[in-house]
Amino acid sequence: MSLRESMVHKLILKKGFTYYPEDEFLVRKVLSFASSENPRVLDVGCGSGHYSFLFEKCGANVVGFDYNTQFIKENKRKADLAGSSVIFITADGNYPEKYFTDPAFDIIFMSGFSLFATEISQPLMEKYLNLLNHNGVLVFIQNSDLRGNIRKTGIRNYSIAQLTDEFSQLNCNIKKVFFYDRHIIGRILHTYAFSDISTACHRLITRLSGLPCNIVMIISRREDEGTF
């Protein structure tokens, strides 16, 4: 392992699953793609409920699920203490059709969904796309250095070309691609956190340095937006 790869590996192990207050800017940006004022959000693999509670704070009606029963138990406890209306359920992400039968979500939020860590299952992704209602969007987020290899942590550094190829074979459109920075731009230059300039800069910095950043893809069903 090279010195750069070793440094990145250590950073991911230390900070890869850390949450930040600045994530609220990400949530508000995601909600700007919703067609209703109080959108229904599905938080896929919700973990500790961080994003679920942020979405509710920003006005959404939220359902969060995770396969880990301890996460769900703790999330329900936190929801009760806070008077939250977020619905948390234990569910297997491989079979969303068992728990959600109708296209009822304005936003399906996938942040580092573990089932797609090394390979995107197109049949499974189709199942999630089919849960979107008219004009709904799926938000796919992955941390990557854009090089396409698999890290020691078992997470693929998806390249944009790889992701574009995967989604181009599905019944969907990529509406927008952002690079989300939780640090300098996310904390200080909030207005520019999701701008085309910020995205271009982060893409260049990631390619030159090899340091990963968060790819945010806004995806819609093809029948809603025309051809890809």
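This text goes with the structure placed above it.
Being a predicted model, the structure only gives us computed values, none of them experimental.

Undergrad: Got a minute to help me understand unusual backbone geometry in this structure?
TA: Negative phi values dominate among residues other than glycine, just as trans dominates among peptide bonds. Phi at N135 takes a positive value of approximately 70°, unusual for a residue other than glycine. By the element assignment, N135 lies in strand β5 (residues 132-144). The phi dihedral of L146 is positive, around 75°, even though this residue is not glycine. Along the chain, the position of L146 falls in the loop between β5 and α6 (160-168).

Undergrad: Could you clarify how one ought to interpret the side chain of D43 in this entry?
TA: Structurally, D43 is set in strand β1 (residues 40-44). Salt bridges are absent for the buried D43, whose nearest opposite-charge side chain, K78, sits at 10 Å. A distance of 2.7 Å separates polar atoms of two side chains, one belonging to D43 and the other to S52. Leaving out residues up to four positions away in the same chain, D43 has contacts with Y51, S52, V63, G64, F65 and F109.

Undergrad: Hey, could you run me through the pairing of strand β3 (residues 87-90) in this one?
TA: Walk down a regular strand and you will see the side chains alternate between the two sheet faces. Strand direction decides the pairing type here: strand β2 (residues 61-66) and β3, joined by 4 bridges, are parallel. Bridging from a neighbouring strand, V63 pairs with I87 of β3. The parallel pair β2 and β3, bridged by helix α4 (residues 69-82), forms a crossover whose chirality is right-handed.

Undergrad: Can you walk me through the pairing of strand β4 (residues 105-111) in this structure?
TA: When you tally the buried positions in β4, you get 6 out of 7 residues, the bulk of the element. As paired strands, β1 and β4 are joined by 4 bridges and run parallel to one another. Note that in β4 the partner of L42 across the bridge is I108. Bridge count for β4 against β5 is 6 bridges, and the pairing is parallel. Along β5, the bridge assignment pairs I107 with V137. Each parallel crossover has a hand, and for β4 linked through helix α5 (residues 122-129) to β5 it is right-handed.

Undergrad: Just to check I follow, could you spell out the nonpolar core for this structure?
TA: If you look at soluble globular proteins, the nonpolar side chains tend to sit buried side by side. Among the nonpolar cores identified, the biggest contains 33 residues, and M125, Y128, L138, F140 and F167 are the most heavily contacted of them. At the level of elements, β1, β2, β4, α5, β5, α6, β6 (172-180) and β7 (213-221) are the ones that each hand at least two residues to this core. Apart from residues lying up to four places away in sequence, F140 is in contact with M110, F116, I120, M125, L163, F167, I215, V216, M217 and I219. Grouped together as the second largest cluster of nonpolar side chains are 28 residues, V30, A34, C58 and F178 included.

Undergrad: Would you explain the sheet that holds β4 in this entry?
TA: Strands in a sheet are paired, the pairing made by backbone hydrogen bonds, and the direction either parallel or antiparallel. Read across the open sheet, the 7 strands follow the order β3-β2-β1-β4-β5-β7-β6; overall the sheet is mixed. In this open sheet, the two edge strands, each paired with only one partner strand, are β3 and β6. The mean angle between the axes of side-by-side strands here comes to 20°, regardless of whether they run parallel or antiparallel. Packing against the sheet, α5 makes contact with β1, β2, β4, β5, β6 and β7, and its axis sits at approximately 135° to β5.

Undergrad: Just checking my understanding: could you explain the environment of S52 for this structure?
TA: If you trace the backbone, S52 turns up in helix α3 (residues 50-57). Separated by 35 residues in sequence, S52 and I87 place their C-alpha atoms 9.1 Å apart. Aside from chain neighbours lying at most four places away, what touches S52 is D43, C46, V62, G64, V86 and F88.

Undergrad: Got a minute to help me understand the pattern of salt bridges in this structure?
TA: Two side chains carrying opposite charge are able to pair once their charged atoms lie near each other. Following the criterion strictly, the structure yields 4 salt bridges and no others. A salt bridge links R28 to E24; its shortest N-O distance comes to 2.9 Å. Of the two residues, R28 and E24 are both situated in helix α2 (residues 23-31); the distance of 4 residues between them amounts to about one turn of the helix. A relative accessible area of 16% means that E24 is categorised as buried. With a shortest N-O distance of 2.5 Å, R77 and E74 are connected by a salt bridge. Here the residue R77 and the residue E74 both occupy positions in helix α4, the gap between them amounting to 3 residues, near one helical turn. Sharing partners across several salt bridges, the network here consists of E24, R28 and K57.

Undergrad: What is the right way to read the packing of aromatic side chains from this model?
TA: Centre distance and the angle of the planes are the two values used to describe a pair of aromatic rings. Counting across every chain of the model gives 11 aromatic pairs. Taken together, a centroid distance of 5.1 Å and an interplanar angle of 75° make the contact between F55 and F109 edge-to-face. Of this pair, F55 sits in helix α3 while F109 sits in strand β4, and the two are 54 residues apart along the sequence. For the pair shown, F55 and F109 are each scored as buried.

Calculation criteria
- Residues numbered from 1 in each chain as written.
- Predicted model: local features only at pLDDT ≥ 70, side-chain atom pairs only at ≥ 80, totals over all residues.
- Heavy atoms only, no water.
- Helix = DSSP H or I, 4+ residues; strand = E, 2+ residues; numbered from the N terminus.
- Buried < 20%, exposed > 50% of the residue type's maximum accessible area, 1.4 Å probe, protein only.
- Lys, Arg positive; Asp, Glu negative; His and termini not counted.
- Salt bridge = Lys/Arg side-chain N within 4 Å of Asp/Glu carboxyl O.
- Polar contact = N/O pair within 3.5 Å; in protein donor to acceptor, adjacent residues only side chain to side chain.
- Contact = heavy atoms within 4.5 Å.
- Pairing = 2+ DSSP bridges.
- Right-handed = clockwise from strand over helix to strand, strands pointing away.
- Core = buried A, V, L, I, M, F, W, Y, C linked by side-chain atoms within 4.5 Å.
- Axes fitted to C-alpha atoms, helices over the stretch in contact; angles between N-to-C directions.
- Phe/Tyr/Trp six-rings, centres within 6.5 Å; stacked < 30°, edge-to-face > 60°.

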